[in-house]
Amino acid sequence: MASMSENFLKKRTTTKRVIQCSKCSSNIEVPPTAQTIHCRQCGTYILVSRASRSISGNPLVMSKQVTNSGATQPRLNKRALLCGVSYRGLKYRLRGTINDVNRMQQFLTKRFNFPKQSIRILTEDQPKEEDTPTRKNIENALRWLVEDCQSGDSLVFYFSGHGLRQPDFNGDENDGFDETLCPVDFSKEGMILDNDINSIIVKPLPAGVKLHAIIDACHSGTILDLHYIYKIKSNKWEEDVAPSGRPPKGTSGGLAICFSACADSQRAVDTSIFSEKGKHIFARKDMYGAMTTLFIRAVESHSNITYVGILEFMNEECEAMNIRGRCFNRPSLRRMFNRGLLQEPQLSSSKDFDVDEKFEL
């Protein structure tokens, strides 16, 4: 008969969790309460089941999870990456992006039952260096978002921050510009191009996987370089064909859909005009992205809203704010509205799907 000390030691040994990273084969010890494990050797992120605190065999926990007793837990088939960049201490600082991320996280968990442990957040408020929205971290997190996904998975990429444009040098843009997202270190490390975003999260999507991107940034109309753009005035999809004649960029069988704040030539805005709390029209403490607020409001106020319903709601509200803004007596306010809220939210997709379909994540 084994002694008490031997039994205790055996129990401790069987409950210790050490996994091997499937990327670089490094051994990683799993803390008992950990929700996410980060391999410091190769940068891979591993999600941990909240219920069992156990690890799956692949680095993204997008398969069944095995507990110490041998039981399996349901596979996590929803995953989201939320990025909010405020550019603190810089003259182009944004004041609503972290509010946007917090609101989007609540929206996903409460409205669409996304598990909190399946949501990665990158903001300047995060305590870990790897969760700061630098270019390297955002690109790594984008790879995390789609890696090892399989049929039935629902993926969400949300970004609130600055967007810019730069000349297109490979002939795949109708307007002659590549659209970009600006990480917090973009002045040093460069911007993230639409070509790169497409290669990382659109091209790999296998059949049965659906990706929704929600981009609250300037010049974001075609930020994922998707093949189809929905024209709200003509109520139909139009192909976004490269002038060079290159074949359209597609997925590997999955579906990518993007709601963006404005057309490629337009600017988006951070404002408190849609905030119920803000007493002053530009009260800084209640700043939010206009597109983010309208998107969430559209879904939450209409239980069976469709894709085109969201697009129409956002465009109608933006137009109403433009008209209301031009009615102010103060020239400074009129200029701010005319310059800031003149944005037309866009819908693009890798396929010309039925926009009267109910919106689901």
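Here, the structure is the one placed above.
It should be emphasised that the depicted structure is a prediction, and the values quoted were computed from it without experimental measurement.

Basis of the calculations
- Residues numbered from 1 in each chain as written.
- Predicted model: local features only at pLDDT ≥ 70, side-chain atom pairs only at ≥ 80, totals over all residues.
- Heavy atoms only, no water.
- Helix = DSSP H or I, 4+ residues; strand = E, 2+ residues; numbered from the N terminus.
- Buried < 20%, exposed > 50% of the residue type's maximum accessible area, 1.4 Å probe, protein only.
- Contact = heavy atoms within 4.5 Å.
- Areas by Shrake-Rupley, 256 points an atom, 1.4 Å probe, with all protein chains shown as cover.
- Expected span 1.5 Å × (residues − 1).
- Axes fitted to C-alpha atoms, helices over the stretch in contact; angles between N-to-C directions.
- Parallel < 35°, antiparallel > 145°, perpendicular 65-115°, else oblique.
- Left-handed = near helix turned anticlockwise from the far one by under 90°.
- Nonpolar A, V, L, I, M, F, W, Y, C, P; charged D, E, K, R; others polar.

Trainee: Would you explain the overall build of the protein in this entry?
Mentor: Looking only at helices and strands, one finds eight helices and 19 strands in the protein. Residues classed as buried in the protein amount to 53% of the 361 residues present. The long-range fraction of contacts in the protein, counting pairs at least 24 apart against all pairs at least 6 apart in sequence, stands at 65%. As displayed, the protein offers around 17400 Å² of accessible surface, 48% of which is attributable to carbon and sulfur atoms.

Trainee: Which parts of the structure should I look at to understand helix H6 (residues 290-301)?
Mentor: It helps to recall that an α-helix has 3.6 residues per turn; residues three or four apart then point in one direction. Over its 12 residues, H6 extends 16 Å from the first C-alpha to the last, a length consistent with the 16 Å expected when each residue adds 1.5 Å. Counting buried positions over the 12 residues of H6 gives nine, a clear majority of the element. For H6, the complete set of buried residues consists of Ala290, Met291, Thr292, Thr293, Leu294, Phe295, Ile296, Ala298 and Val299.

Trainee: Help me out: how do you make sense of the environment of Ile200 in this one?
Mentor: Tracing the backbone shows Ile200 in helix H5 (residues 194-202). Ile200 gets classed as buried once you look at its relative accessible area, which sits at 14%. In this view, Ile200 contacts Glu139, Leu142, Arg143 and Val146; residues no more than four positions away in its chain are not counted.

Trainee: Can you help me understand the packing of helix H2 (residues 97-111) against H6 in this one?
Mentor: Helix packing geometry: the angle between the two helix axes and the distance between the axes. As a packed pair, H2 and H6 sit with axes 10 Å apart at the nearest point and diverge in direction by 20 degrees. Here H2 is positioned roughly parallel relative to H6, judged by the angle of their axes. When the axes of H2 and H6 are compared, the crossing they make is left-handed. For the pair H2 and H6, contact is made by Asp100, Arg103, Met104, Phe107 and Arg111 and by Thr292, Thr293, Phe295, Ile296, Val299 and Glu300, respectively. Partitioned by chemical class, the residues of the contact of H2 with H6 number five nonpolar, two polar and four charged.

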